[in-house]
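Spelled out from the first residue to the last, the chains are:
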Amino acid sequence: MLSLDDEAVSSTVHRAMEEEEETTEFSDSQILRDTLIIYGGIFAGVFLLYCWLRLRHPKTYAIRNWVEGIQTELAKDQFGFLSWLWKVHGINEEDLMNECGMDAVCFVRTVRMGFRISAVGVFNMIWLLPVYYTAEESSETEDITDTVVKMTIAHLPSGSSRLYATIIAAYFVFGYAMYLIYEEFTWYIEMRHKFLRKTLPKNYTVFCRNIPKEYQNNELLEKFFARSFGAENVLEARVPLKLPQLEKAVAEREEALDNLEHALAMFQKDGQRPSYKAKQDKKKFCGKKEEVDSIEYFSHELEEANDDVQTRIGNLQAIASGSSHLEEPATKETGKSRSFKSAMSFVGGSEDGQVYPSGFVVFKKIGTASAALQMVHHQQPFAMEIVEAPDPDAVFWGNIGRTHKDLQLGKLASFAATSVLCIFWTIPMSFFASLSNVEAVREDIDFLDDLFNDYPGLVPVFEQLAPFFVVIFNAMLPIILEKFTLLEGPISSGVVASSTFVKLAAFMIIQTFFVSAISGSIFQAINDIIDDWTEIIDLLANALPAQGTYFMQIVIVTTTMGMIFELPRLVPAIMAALRNCIGPNLTEKERKKTAFGLRPITDPSPFLFPKFTSQLVLYFMVLFVYAVISRRSSMSLLATRNVLFFFSP
């Protein structure tokens, strides 16, 4: 039996524990408030800092205004402290396409479309808020006390007539979205035709892979297509050669030239001729070294390298013309050359001169090139396969010789690797999503339950870190998936970007959205769906409203963190600062080169369209799902589209 004092103590302890539990329960309003204060406050500060820095340091924030090779008229006017926001908005789309490419215009149009759909969601918010908030009381909703939750569909009891308002709002959003998509198709076809009419090499050229052996020759390949389209419509055909030894010789020549320029720069700077420790016997890996004059040594190296490259090119030209007299490339040891007896002895000693089973065909008209892309050219399956030619400087020459079998095996390996990654990616995504629901985590993970009991102040910290961890893990996806894409044997960087985007978009939909929505019981949910696929309707109907706050956090964190790093160019600026301190910097050529993975400010990295466009896919998913059941996501996406629109691709 407990004494009166013991009962009083026990009652006090119970009350204290109840009060502690109440203090560790955080409402959606508190979570969203903390998220907006933390990330919104940081973003506001960084945004104002960027507006000041871009005027203070125009060379850093307007690289395309002064760097040769990428200069554009669009980057000349810096505009004012804030006026750039609406003035950039007014840039003509055709000018943007001419200076930044078709991908940039499509990205901006996608962002603008999301902004307009979000505006409809905001309009729905005006009349849906009172409909949800003033819903009749019921036993199902009597526990809802949070003001933010009361303004969502979660406040409506089952069978409420007010659900018709949700249906009407959904028709507004999806009807307007379909209208915009129709408009975008009309615009895209017109703009695509304008782009294809440009006098670009890729618009007149096709890439032909799996060429039969009897046509692996420039002249024979040209005659093959001349039979189909007429000799007057075919400009030329080129079957590339394998040139590993020539490429190696050119690389050695470039290295010798760089070393000589560096030595001359040192002499000009110090007034003293620099020295270099060269191996006495170049055949030995670890031989004795002697100190020599750098300028004389590298001048001799460059002269030998030039002779080597010239001889190899001459031999390849002789092979192409059918000559049997070849010169052996000059060696660094002798500096001499001697005759070969036949072309086969030269080709047999290396891969130089062997043809690829692929080639490029150039037509005189764009229409002929388009027709070639739509035709079957050979009776043998997969032979003479025609695809669009990439830009000349975007070709992956290591992949142009891949056969159909190699490509199919590569695609299978890429698909298998991506599928395995998607399965294992479920583990961290489920854990991060569960962190947003502290009560669920306490039931599943004992040590976290004890931790939150001992340190209740950690509860809001974990709730804020959950979306941040998702963003960090998703930032690694483009790097991993790009490696998987390279297994497919892409012919150009454009193909890599396209395939990577498809994989990223799938991950955003499957992992970040659906897995996060049902993370609390994902394995049980999968079993239920397998038993009865219609269960997915009830599953999502119950899970999605509960995860509205979490997705709101993801949108806010993804947007603000991206802008915090991208607007002031933090990463490129830090890399450029390190590059100024690390690596050779004596000559202008050296200062413009990337060293140790560090890019100088004059060599900006390309805009990562797969990464940012896949994020838009997630934003659209959240928008279409939550625009009518929760007013919070609509407001977030309104800000998201607005900010992203002014991010210059």
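In what follows, the accompanying structure is described. This structure is a prediction, so every number in the text was calculated from the model and none was measured. (Residues numbered from 1 in each chain as written. Predicted model: local features only at pLDDT ≥ 70, side-chain atom pairs only at ≥ 80, totals over all residues. Heavy atoms only, no water.)

1. Section: the overall build of the protein
Next up, step 1: A count of helices and strands for the protein gives 26 helices and eight strands.
Next up, step 2: Taking all 649 residues of the protein together, 41% fall into the buried category.
Next up, step 3: Taking the contacts inside the protein whose residues are at least 6 apart along the sequence as the reference set, 70% of them involve residues at least 24 apart.
Next up, step 4: Roughly 35800 Å² of accessible area belongs to the protein as shown, and the carbon and sulfur atoms make up 60% of that amount. (Helix = DSSP H or I, 4+ residues; strand = E, 2+ residues; numbered from the N terminus. Buried < 20%, exposed > 50% of the residue type's maximum accessible area, 1.4 Å probe, protein only. Contact = heavy atoms within 4.5 Å. Areas by Shrake-Rupley, 256 points an atom, 1.4 Å probe, with all protein chains shown as cover.)

2. Description of the pattern of salt bridges
Next up, step 1: Using the criterion set out here, one finds 15 salt bridges in the structure.
Next up, step 2: Here glutamate 190 and lysine 194 are joined by a salt bridge, their closest N and O atoms 3.8 Å apart. Here glutamate 190 pairs with lysine 194, and both are found in helix 8 (residues 163-196), just four residues apart, close to one helical turn.
Next up, step 3: For glutamate 190, a relative accessible area of 47% translates into the label partly exposed.
Next up, step 4: Of the charged contacts, one joins glutamate 219 and lysine 223 as a salt bridge, the two residues approaching to 3.3 Å between their closest N and O atoms. (Salt bridge = Lys/Arg side-chain N within 4 Å of Asp/Glu carboxyl O.)

3. Considerations on the packing of helix 6 (residues 102-133) against helix 25 (residues 609-626)
Next up, step 1: Following both chains from N to C, one finds helix 6 and helix 25 inclined at 15°, their axes separated by 11 Å at the closest point. Relative to helix 25, the element helix 6 is oriented roughly parallel. Here helix 6 runs over helix 25; the crossing is left-handed. Every residue of helix 25 that contacts helix 6 at Asp103, Ala104, Phe107, Thr110, Val111, Met113, Gly114, Ile117 and Ser118 is listed here: Phe609, Phe612, Thr613, Leu616, Phe620, Leu623 and Phe624.
Next up, step 2: Grouping the amino acids of the contact of helix 6 with helix 25 by side-chain chemistry returns 11 nonpolar, four polar and one charged. (Axes fitted to C-alpha atoms, helices over the stretch in contact; angles between N-to-C directions. Parallel < 35°, antiparallel > 145°, perpendicular 65-115°, else oblique. Left-handed = near helix turned anticlockwise from the far one by under 90°. Nonpolar A, V, L, I, M, F, W, Y, C, P; charged D, E, K, R; others polar.)

4. Re helix 18 (residues 458-486)
Next up, step 1: An ideal rise of 1.5 Å per residue puts 42 Å on 29 residues; helix 18 measures up with 43 Å between its terminal C-alpha atoms.
Next up, step 2: Its axis deflected by about 30° at leucine 465, helix 18 carries its strongest bend there, up to four residues before the proline proline 467. (Expected span 1.5 Å × (residues − 1). Bend = angle between axes of the 7 residues up to and from the residue.)

5. Focus on the packing of aromatic side chains
Next up, step 1: Overall, the coordinates contain 17 aromatic pairs when judged by the stated rule.
Next up, step 2: Taken together, a centroid distance of 6.0 Å and an interplanar angle of 65° make the contact between phenylalanine 360 and tryptophan 397 edge-to-face. Of the two residues, phenylalanine 360 sits in strand 7 (residues 358-363) while tryptophan 397 sits in the loop between strand 8 (385-388) and helix 15 (404-435), which places them 37 residues apart along the sequence.
Next up, step 3: Among the residues examined, tryptophan 397 registers a relative accessible area of 45% and is labelled partly exposed.
Next up, step 4: Aromatic ring contacts, followed pair by pair, group Phe43, Phe47, Tyr50, Tyr61 and Trp84 into a single cluster.
Next up, step 5: If you follow arginine 109 out to its NZ or CZ, it ends over the ring of tryptophan 187, 4.4 Å from the centre.
Next up, step 6: Just above the ring of phenylalanine 267 sits the side chain of arginine 273; from NZ or CZ to the centre is 5.8 Å. (Phe/Tyr/Trp six-rings, centres within 6.5 Å; stacked < 30°, edge-to-face > 60°. Lys NZ or Arg CZ within 6 Å of the ring centre and 35° of its normal.)

6. Here's the deal with the nonpolar core
Next up, step 1: Core analysis: the largest hydrophobic core is formed by 46 residues, its most contacted members being Ile117 and Tyr550.
Next up, step 2: No other element matches helix 25, which puts nine residues into this core.
Next up, step 3: If you look at the next biggest cluster of nonpolar residues, it comprises 20 residues, including Leu32, Met552, Ile556 and Leu567. (Core = buried A, V, L, I, M, F, W, Y, C linked by side-chain atoms within 4.5 Å.)

7. Things to note about a nonpolar patch on the surface
Next up, step 1: Residues Leu48, Leu49, Trp52, Leu55, Phe81, Leu82 and Trp86 make up a contiguous nonpolar surface patch of roughly 710 Å² in combined accessible area.
Next up, step 2: Top element by residues in the nonpolar patch is helix 2 (residues 28-56). It accounts for four residues.
Next up, step 3: Residue classification places phenylalanine 81 among the partly exposed positions, given a relative accessible area of 36%. (Patch = residues over 30% accessible without salt bridge, like charges linked within 9 Å, V, L, I, M, F, W, Y side chains within 5 Å.)

8. Focus on the sheet that holds strand 8
Next up, step 1: Taken together, four strands build an open sheet; the order of strands is 2-7-1-8 and the sheet is antiparallel. Edge positions in the open sheet fall to strand 2 (234-238) and strand 8, since each of these has one partner strand only. Adjacent strand axes in the sheet meet at a mean angle of 25° when their direction is disregarded.
Next up, step 2: Bridging between strand 2 and strand 7 involves four bridges; their strand directions are antiparallel. Looking across to strand 7, one finds that valine 234 is bridged to phenylalanine 363. (Pairing = 2+ DSSP bridges.)

9. Description of the side chain of threonine 368
Next up, step 1: Along the chain, threonine 368 turns up in helix 14 (residues 366-373).
Next up, step 2: Apart from residues no more than four positions distant in its own chain, threonine 368 is found in contact with Phe229, Asn233 and Phe363.

10. Concerning helix 14
Next up, step 1: Ile366, Thr368, Ala369 and Ala372 are the residues of helix 14 that are buried. Projection of helix 14 onto a plane perpendicular to its axis shows the buried side chains occupying an angular sector of 165°, all on one side.
Next up, step 2: Its buried side turned inward, helix 14 meets helix 8, helix 9 (201-204), strand 1 (205-209), helix 10 (218-229), strand 7 and strand 8. (Arc of directions from axis to C-beta.)

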